[in-house]
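Here's the letter readout for the chains.
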Amino acid sequence: MVNDWVYIGLFILISLFLPAAAILIAGWLAPKKPNKIKNSTYECGIETVGDTWVQFRVQYYIYALVFLVFDVETVFLYPWAVAYRQLTLFAVLEAVVFLLLLAGGLIYAWKKGALQWN
Amino acid sequence: MTFWTDPIGLLDAWLFAVLTGWGLPADVSRIILYILGGFVLATGAMVFTVFLIWLERKLIGRFQDRFGPNRVGPFGIFQTVADMLKIFTKEFITPDGADLIPYNLAPILSVAGVLFVWAVLPFAINMLGVNLNVGVLYVVAAGAIGELGMILAGWGSNNKFALIGAFRAIGQMISYEVPMILTLLVPVMFTGSMGLNDIVKAQNPWFVVVAPLAAFIFFISQVAENARAPFDLTEAESELVAGFNIEYSGLKFGMFYVAEFLHAFTISVLFAVIFLGGWLGPGAEKYPWLGLLYTMIKTTVVFFTILLMRAGLPRFRIDQVMDLNWKLFTPLAIGILIVTAVVDKSLALFTPTIRVLGLLAANLVMLLVTLRFLKIFAQKKRRPLVVPSASTELPDDISEVLL
């Protein structure tokens, strides 16, 4: 059990190491001849205007909020799903009520126009 | 325990004996073996990608009535090796004003996020990294790391197109994670465990038979999360040049490329494992090599389907992608979860055949209801045709249109 997590931890380190090592080797092999034109921002040949980190549409933020609500609530359902085999019909119906609340939240967001892309 | 019944266990026991024979403590030997195993698995995945890229280019070429790569080696099979050698010697061009830490971290995280998943994929009954008891949750969490790589790439590049592409990518990907997580609950429910190997063992019959709609939603969500055609808005060439990876060159760009192809294969394995019975098949319990063969056959079928979608379907618009997810898949996934849970529990006392038939019937009813709803809404929601007039002005700032 603990051994499993040791393996996962080591595997994560290895997965990070492999691409990093490849990029380091390539950086060592590759030529380095930077110049002003080459390093300029590529926006179809037009000089870039103003700051890059502009204000972005609030729509993305709303989607992120809705996502967060659903993601967090769904994670609560995983223990229920694992225990599903041992549960009675009543316990299943309780989870259904929880899911209906989730659906209610979705309908609320929908009616509020949070899911409208324009 | 022979080579044919447990090859990895055999190798592991032999190496363990060798290492402890050298006088190393048991714990240290174990950790060395873990590192060795992890290296073999991760490197194997990366090397396998080389073959995958060739296969995809060849097949897409055939779909488009071309030959595809056919110069280097038989059938052009060494084309990707040649490309790889070339890309290793290409210059890294770092754009002015790039935020260097996110900029350099992004390609590493993109590949690593896909590789993480390989730690838990069961290729045969005893050919797997580890049968983690929270495997499904781990897969979902690892998938999010790749998205982090994308937003870092967009943010760090100091380029408006990259930033817009990254915003779109993240908007699309986090959205499609919701139905994916919801439908993943169905196999977990049937199995009573989140370990991927346990999920494979519990598939009698395959979960695609008892939960076809969940399988469909999971499949489409995974393709959308991989951002391939028809969901490749993140790199819509005609609008955003290349999307979030526009400012990358050399192997840093190559890493995004590797991540995409490896991701496509990883989702094929995941789908085969979770819904198509993984290594299950005649004789697979006894001879893991046979199980590996079954996994690969199933995976190849799924991978081919993904390629067919990429070759055959036009790109969606961003609002269509979002509507498909939030207004169809998410409500449908919640509905599937409710119906499956209730139907399965009510039929628990009957024979397995009746249970399977009941679940199938429930899925069919849900499909018909959904199609009916879609028809009603489709008639209501035709977009009015916009006729461009002569006085239509272009906005001054292109980012207003795209954002």
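None of these values were measured; they are calculated from a predicted model.

1. Points about the overall build of chain B
Step number 1: Scanning chain B from N- to C-terminus turns up 15 helices and 2 strands.
Step number 2: Its C-alpha atoms give chain B a radius of gyration of 23 Å, near enough to 22 Å, the size a compact globule of 403 residues would have.
Step number 3: Along the longest, intermediate and shortest principal axes, the C-alpha atoms of chain B span 80 × 60 × 40 Å.
Step number 4: Counting over 403 residues, chain B shows a buried share of 47%.
Step number 5: Nonlocal contacts in chain B, meaning residues at least 24 apart in sequence, comprise 73% of its contacts between residues at least 6 apart.

2. Here we look at the overall build of chain A
Step number 1: Secondary structure assignment for chain A yields 4 helices and 0 strands.
Step number 2: Listing every helix and strand of chain A by position from the N terminus yields α-α-α-α.
Step number 3: Here the C-alpha atoms of chain A give a radius of gyration of 25 Å, more than 25% beyond the 13 Å that 2.2 N^0.38 yields for 118 residues.
Step number 4: Principal-axis analysis of the C-alpha atoms places the extent of chain A at approximately 70 × 50 × 15 Å.
Step number 5: Counting all 118 residues of chain A, 21% fall into the buried class.

3. Examining the domain arrangement of chain B
Residues and elements named next belong to chain B.
Step number 1: Taken as a whole, chain B is organised into domain 1 (1-89) and domain 2 (92-381).
Step number 2: Between the C-alpha centres of domain 1 and domain 2 the distance comes to 23 Å.
Step number 3: Listed as interface residues are 20 residues of domain 1 and, on the opposing side, 18 residues of domain 2.
Step number 4: Here the element with the most residues in the side of domain 1 that touches domain 2 is helix α2 (residues 26-63); it accounts for 11 residues.

4. Concerning the packing of helix α1 (residues 7-21) of chain B against α2(B)
All names here are of chain B.
Step number 1: Where α1 meets α2, the closest approach of the two axes is 9 Å, and the angle between their N-to-C directions is 135°. By the angle class used here, α1 and α2 are oblique. As α1 packs across α2, the resulting crossing turns out to be right-handed. Where α1 abuts α2, its residues Asp12, Leu15, Phe16, Leu19 and Thr20 lie against Ala26, Ser29, Ile32 and Leu33.
Step number 2: Tallied by class, the residues present in the contact of α1 with α2 amount to 6 nonpolar, 2 polar and 1 charged.

5. Description of unusual backbone geometry
Residue and element names in this part refer to chain B.
Step number 1: Following asparagine 204, the chain continues to proline 205 via a peptide bond in cis, the omega torsion being 0°.
Step number 2: Within the secondary structure layout, proline 205 lies in the loop between α7 (196-201) and α8 (207-210).
Step number 3: Despite not being glycine, aspartate 65 shows a phi value in the positive range, around 65°.
Step number 4: Looking at where aspartate 65 falls in the secondary structure, it is placed in the loop between α2 and α3 (79-88).
Step number 5: Among the residues examined, aspartate 65 registers 6 C-beta atoms within 10 Å and is labelled exposed.
Step number 6: In this model, asparagine 158 sits at a positive phi of 55°, which is unusual for a non-glycine residue.
Step number 7: The topology assignment puts asparagine 158 in the loop between α5 (135-156) and α6 (160-191).

6. Focus on the interface of chain A and chain B
How big an interface is tends to be expressed through the accessible area that disappears when the partners come together.
Step number 1: Counting residues at the interface gives 58 residues for chain A, matched by 70 residues for chain B.
Step number 2: Counting residues per element, the ones that place at least two in the side of chain A that touches chain B are α1 (2-29), α2 (36-39), α3 (58-83) and α4 (89-111) of chain A.
Step number 3: For the side of chain A that touches chain B, the element with the most residues is α1(A), which contributes 18 residues.
Step number 4: Looking at the side of chain A that touches chain B, its residues break down into 42 nonpolar, 8 polar and 8 charged.

7. Describing α3(A)
At 3.6 residues per turn, the α-helix brings residues three or four places apart onto the same side.
Step number 1: An ideal rise of 1.5 Å per residue puts 38 Å on 26 residues; α3(A) measures up with 39 Å between its terminal C-alpha atoms.
Step number 2: Among all positions of α3(A), only Tyr63(A), Val66(A), Phe70(A), Thr74(A), Leu77(A) and Ala81(A) are buried.
Step number 3: Each element contacted by the buried residues of α3(A) is listed here: α4 of chain A together with α6 of chain B.

8. Topic: the UniProt feature "transmembrane region" (unreviewed entry) in chain A
All names here are of chain A.
Step number 1: UniProt records the feature "transmembrane region" (unreviewed entry) at residues 6-30, 60-81 and 87-110, using the numbering of this structure.
Step number 2: With 96% helix and 0% strand, residues 6-30 has end C-alpha atoms that lie 36 Å from one another.
Step number 3: Counted over residues 60-81, helix gives 100% and strand 0%. Its end C-alpha atoms are 31 Å apart.

9. Things to note about the packing of helix α4 (residues 100-118) of chain B against α5(B)
Residues and elements named next belong to chain B.
Step number 1: Between α4 and α5, whose axes approach to 7 Å, the crossing angle comes to 160°. Between α4 and α5, the crossing angle belongs to the class labelled roughly antiparallel. The handedness of the crossing between α4 and α5 comes out as left-handed. In this structure, α4 uses Pro102, Tyr103, Leu105, Ala106, Leu109, Ser110, Ala112, Gly113, Val114, Phe116 and Val117 to contact α5, whose residues at the interface are Val139, Ala142, Gly143, Ile145, Gly146, Leu148, Gly149, Met150, Leu152, Ala153, Trp155 and Gly156.
Step number 2: Residues belonging to the contact of α4 with α5 are distributed by class as follows: 17 nonpolar, 6 polar and no charged.

10. Some details on the nonpolar core
Step number 1: Counting 140 residues, the largest nonpolar core has Val120(B), Leu121(B), Ala166(B), Leu185(B), Phe218(B), Phe271(B) and Leu337(B) as its most contacted members.
Step number 2: A domain-level breakdown of this core finds at least three residues from each of domain 1 (1-89) and domain 2 (92-381) of chain B.
Step number 3: Once residues lying within four places of it in the same chain are set aside, the contact partners of Leu337(B) are Leu99(A), Leu182(B), Leu185(B) and Val186(B).

11. Quick look at α1(B)
Step number 1: With 15 residues, α1(B) ought to run about 21 Å at 1.5 Å a step, and its terminal C-alpha atoms sit 21 Å apart, in line with that.
Step number 2: Count one or two residues on from α1(B) and you reach Gly23(B), which has phi positive near 95°.

12. Some thoughts on the environment of Asn158(B)
Step number 1: C-beta crowding within 10 Å serves as the criterion here: with 20 such atoms nearby, Asn158(B) is assigned to the buried category.
Step number 2: Between the alpha carbons of Asn158(B) and Pro95(B) there is a distance of 7.5 Å; along the sequence they are 63 residues apart.

13. Quick word on the environment of Lys298(B)
Residues and elements named next belong to chain B.
Step number 1: Along the chain, the position of lysine 298 falls in helix α12 (residues 288-312).
Step number 2: In this structure lysine 298 comes out as buried when scored by C-beta crowding, with 23 C-beta atoms within 10 Å.
Step number 3: Sequence spacing of lysine 298 and leucine 276 is 22 residues, and the spatial spacing of their C-alpha atoms is 7.1 Å.
Step number 4: Residues contacting lysine 298, with those up to four places away along its chain left out, are Ala272 and Leu276.

Thresholds applied
Residues numbered from 1 in each chain as written. Chains lettered and ligands numbered in written order. Predicted model: local features only at pLDDT ≥ 70, side-chain atom pairs only at ≥ 80, totals over all residues. Helix = DSSP H or I, 4+ residues; strand = E, 2+ residues; numbered from the N terminus. Rg over C-alpha atoms; globule rule 2.2 N^0.38 Å. Buried ≥ 20, exposed ≤ 12 C-beta atoms within 10 Å, placed from the backbone. Contact = placed C-beta atoms within 7 Å. Domains from an automatic or database assignment. Axes fitted to C-alpha atoms, helices over the stretch in contact; angles between N-to-C directions. Parallel < 35°, antiparallel > 145°, perpendicular 65-115°, else oblique. Left-handed = near helix turned anticlockwise from the far one by under 90°. Nonpolar A, V, L, I, M, F, W, Y, C, P; charged D, E, K, R; others polar. Expected span 1.5 Å × (residues − 1). UniProt positions renumbered as here; feature names shortened; annotations may be inferred. Core = buried A, V, L, I, M, F, W, Y, C linked by C-beta atoms within 7 Å.

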